[in-house]
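# Survey of secondary and tertiary structure
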Amino acid sequence: MDWLERLGWIFGATALCVLGIPWFLWGNDTIVAGLPLWIWWHIGWLLLASGLFWLFAQRAWGVGIEPDTAKRGEANVPPGGER
Amino acid sequence: MTLEIQLAIIVGYLLLALVIGLVAYRLTERTAEDFYLASRTVGTIVLLFTTFATLLSAFTFFAGPNLAYLYGPEWILVMGVMDGLIFAVLWYVIGYKQWLLGQRHRYVTLGEMLGDRFASKRLRGIVAGISLVWLFPYVMLQQAGAGTALEALTEGAVPYAAGAGLITLFMILYVVLAGFRGIAWTDTLQGAFMLVTTWVALLWVLAVVGGPGVATSGLEATASEHLALGSAYYSPQFMLSTAITIGFGVAMFPQVNQRFFAAGSKKVLKRSFALWPILCLLLFVPAFMLGAWARGLETGINVAEIEAGGNVLPLILAEFTPTWFAALVIAGAMAAMMSSSDSMLLSGSSYFTRDLYRPFIESTLSARREDVIARVGVVIFALSTFVASLYNPATLFELGDAAFSGFAQLALPVIVALYWRETTRTGITVGIVGSQLFYLLSVFTAVPTAYAGWSAGLVGMGLGLVLTVGVSLLTAPAADEQRAVYFEALEGD
């Protein structure tokens, strides 16, 4: 199932990048609190990205790179190996 | 009076940087790994900001706000996708893997990493050579930017050539002395400083004009089309092509790519990765919104002035903030350009000494002598780009854009090699050389620069991918290739 997990992450990362531009707001000039709505989308989206990256770093770091999926959970906190 | 304040701020900054450099010099071991990578000990904040500082370029403070002024603030989205998202993903995909390989095999440059896997001195040389070809105009661009800014700031009292020359001399002194550790420290100081001053500048201007609502209404009255997402200038093809090529290009820029080797631990990489989008958000939104809003404010700035090469950011600061503050921001922006160049010089020199000089000219180079050659390389590189900057042939943006797309051509063949065991030496060599040739032809000859709105840079990346995979499938690996080297038991820490 390793390949399925990888595929999921690749799909997720691509979707995150593609939606960095709010295509559904194309041509929209609605102003909210002094800024165009699409700039608010941008702000929200990058904050979301940061949160997802943090989650990825906690839960799945190593996927597709480190060989043994089963061992990854332990490899994340080796004794005294991290600063 | 104004002039004195500005010069005092610039000189003060340079002296501070020099002190930091001296402290770093005292801590430096006389080895290439320490000179180039601070012996792989860099922590989260320093890694984050030193990578960030390389983004604090002439584009962020001058060309970018100018474009936002002329065409609207959509560049914020382009920067968000390229730096905040695409580069962040590559931070993991390329960066983490490179870091692990660097830990295990002590690689210092990209060319070294590829040359080892494919047992090819030639490939190593090609990657370094291509990188230096693109790095050169980009360093030149930073020097030209600094020269122009100094001239404008002092209203001609410091002429262009003198300004660019002074900056060059200082850079040489600094890089030769301080090495990566010193550069990373000043980057951190500078990144934090510029982030704060950009926000203060934004809040200051907004406080004077009466808040973002008023500023946006002004823009609506002057150029309402700038508030709607997209325009003839900002087509979807343009925005995506730019974001993708530059995003991948950033990861292959020597000074950025080399930072993937410098992290102190896995935890440092993880933290920087998660914080990265926020840093991009905090920098680009205020810098570019200042440019965009300037269009609708009652100022002495006009479109013709900006189109003719004027910079909107210094002008709007001069209009709305006290002289000392405007000088502080401009001095900071110049220092930022300089710090980008510092890093590029150092990386450029490492590519030259490790991947060209040592393998091809003097293979028996001692560690002490490599350290000397590395520093000589810095001097030669900086002086050459300075001379070129005196004849500055094209606009800042065109040059910068060409360099990023040029580096972007390297990204996909490298990713394929990192993740696909079947990649062959011939495959990756053809992929790299083929895409570079195609892109160079589009820059310098009649080969089209756009295909239905998509840039030649993006098309070239596709070509590089197809060539690398296609030729690898058609050819057998050479006997001495180390096909397992990127895959065998890679584990963090």
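Keep in mind that this is a model prediction, so the values were computed, not measured. (Residues numbered from 1 in each chain as written. Chains lettered and ligands numbered in written order. Predicted model: local features only at pLDDT ≥ 70, side-chain atom pairs only at ≥ 80, totals over all residues. Heavy atoms only, no water.)

Moving on to the overall build of chain B. For chain B, the helix and strand inventory stands at 20 helices and two strands. Here the C-alpha atoms of chain B give a radius of gyration of 22 Å, agreeing with the 23 Å that 2.2 N^0.38 yields for 493 residues. Reported as C-alpha extents along the three principal axes, the dimensions of chain B are approximately 70 × 55 × 45 Å. Within chain B, the proportion of its 493 residues that are buried is 63%. Of the contacts made within chain B by residues no fewer than 6 positions apart, 85% connect residues no fewer than 24 positions apart. Approximately 16500 Å² of chain B is accessible, and the part contributed by carbon and sulfur atoms is 68%. Distance between charge centres in chain B, computed from 25 positive and 30 negative side chains, equals 16 Å. (Helix = DSSP H or I, 4+ residues; strand = E, 2+ residues; numbered from the N terminus. Rg over C-alpha atoms; globule rule 2.2 N^0.38 Å. Buried < 20%, exposed > 50% of the residue type's maximum accessible area, 1.4 Å probe, protein only. Contact = heavy atoms within 4.5 Å. Areas by Shrake-Rupley, 256 points an atom, 1.4 Å probe, with all protein chains shown as cover. Lys, Arg positive; Asp, Glu negative; His and termini not counted. Charge placed at Lys NZ, Arg CZ, Asp CG, Glu CD.)

Now for the packing of aromatic side chains. Residues and elements named next belong to chain B. For the coordinates displayed, the defined rule picks out 40 aromatic pairs over all chains. Aromatic pair Phe 253 and Phe 407: ring centres 4.3 Å apart, planes at 40°, arrangement tilted. Residue Phe 253 is found in the loop between α10 (236–252) and α11 (254–257), and its partner Phe 407 is found in helix α18 (residues 396–419); the two are separated by 154 residues along the sequence. Note on Phe 407: relative accessible area 0%, which makes it buried. The ring of Phe 118 carries Arg 117 above its face, with NZ or CZ at 4.1 Å from the centroid. In this structure, Arg 375 is placed above the aromatic ring of Phe 35, and the distance from its NZ or CZ to the ring centre is 4.1 Å. (Phe/Tyr/Trp six-rings, centres within 6.5 Å; stacked < 30°, edge-to-face > 60°. Lys NZ or Arg CZ within 6 Å of the ring centre and 35° of its normal.)

Attention shifts here to the UniProt feature "transmembrane region" (unreviewed entry) in chain A. Residues and elements named next belong to chain A. With numbering matched to this structure, UniProt assigns "transmembrane region" (unreviewed entry) to residues 7–26 and 38–57. From the first C-alpha to the last, residues 7–26 spans 29 Å; its make-up is 60% helix and 0% strand. The span residues 38–57 is 100% helix and 0% strand, and its two end C-alpha atoms sit 28 Å from each other. (UniProt positions renumbered as here; feature names shortened; annotations may be inferred.)

Once that is clear, we can look at the interface of chain B and chain A. Counting residues at the interface gives 51 residues for chain B, matched by 44 residues for chain A. Interface area for chain B against chain A, summed over the two sides, is near 4100 Å², with a carbon-plus-sulfur share of 74%. Inspection of the region where chain B meets chain A yields one salt bridge. Across the salt bridge formed by A:Glu66 and B:Lys266, the nearest N and O atoms sit 3.4 Å from each other. Counting across the chain B and chain A interface gives ten residue pairs in polar contact (both at pLDDT 80 or more). Elements with a minimum of two residues in the side of chain B that touches chain A: α5 (75–105), α9 (212–223), α10 and α13 (266–294) of chain B. A total of 14 residues in the side of chain B that touches chain A trace back to one element, the largest contributor, which is α5(B). Residue composition of the side of chain B that touches chain A, grouped by class: 32 nonpolar, eleven polar and eight charged. (Buried area = accessible area lost by both parts, 1.4 Å probe. Salt bridge = Lys/Arg side-chain N within 4 Å of Asp/Glu carboxyl O. Polar contact = N/O pair within 3.5 Å; in protein donor to acceptor, adjacent residues only side chain to side chain. Nonpolar A, V, L, I, M, F, W, Y, C, P; charged D, E, K, R; others polar.)

Here the focus is the packing of helix α2 (residues 37–59) of chain A against α5(B). At a minimum axis separation of 10 Å, α2(A) and α5(B) run at an interaxial angle of 10°. In terms of their interaxial angle, α2(A) and α5(B) are classed as roughly parallel. Where α2(A) approaches α5(B), its residues A:Trp38, A:Ile39, A:His42, A:Trp45, A:Leu46, A:Ala49, A:Phe53 and A:Phe56 are matched on the opposing element by B:Ile76, B:Leu77, B:Gly80, B:Gly84, B:Leu85, B:Ala88, B:Val89 and B:Tyr92. A breakdown of the residues in the contact of α2(A) with α5(B) according to their chemical character gives 13 nonpolar, three polar and no charged. (Axes fitted to C-alpha atoms, helices over the stretch in contact; angles between N-to-C directions. Parallel < 35°, antiparallel > 145°, perpendicular 65-115°, else oblique.)

Residues and elements named next belong to chain B. Throughout the structure, instances matching the rule amount to eleven salt bridges over all chains. Here Glu 481 makes a salt bridge to Arg 117, at a shortest N to O gap of 3.1 Å. Residue Glu 481 is found in the segment after α20 (456–474), and its partner Arg 117 is found in helix α6 (residues 110–117); the two are separated by 364 residues along the sequence. The residues Glu 481 and Arg 117 share a single accessibility class, namely buried. A single salt-bridge network, built from bridges that share partners, covers Glu 112, Arg 354, Arg 358 and Glu 370.

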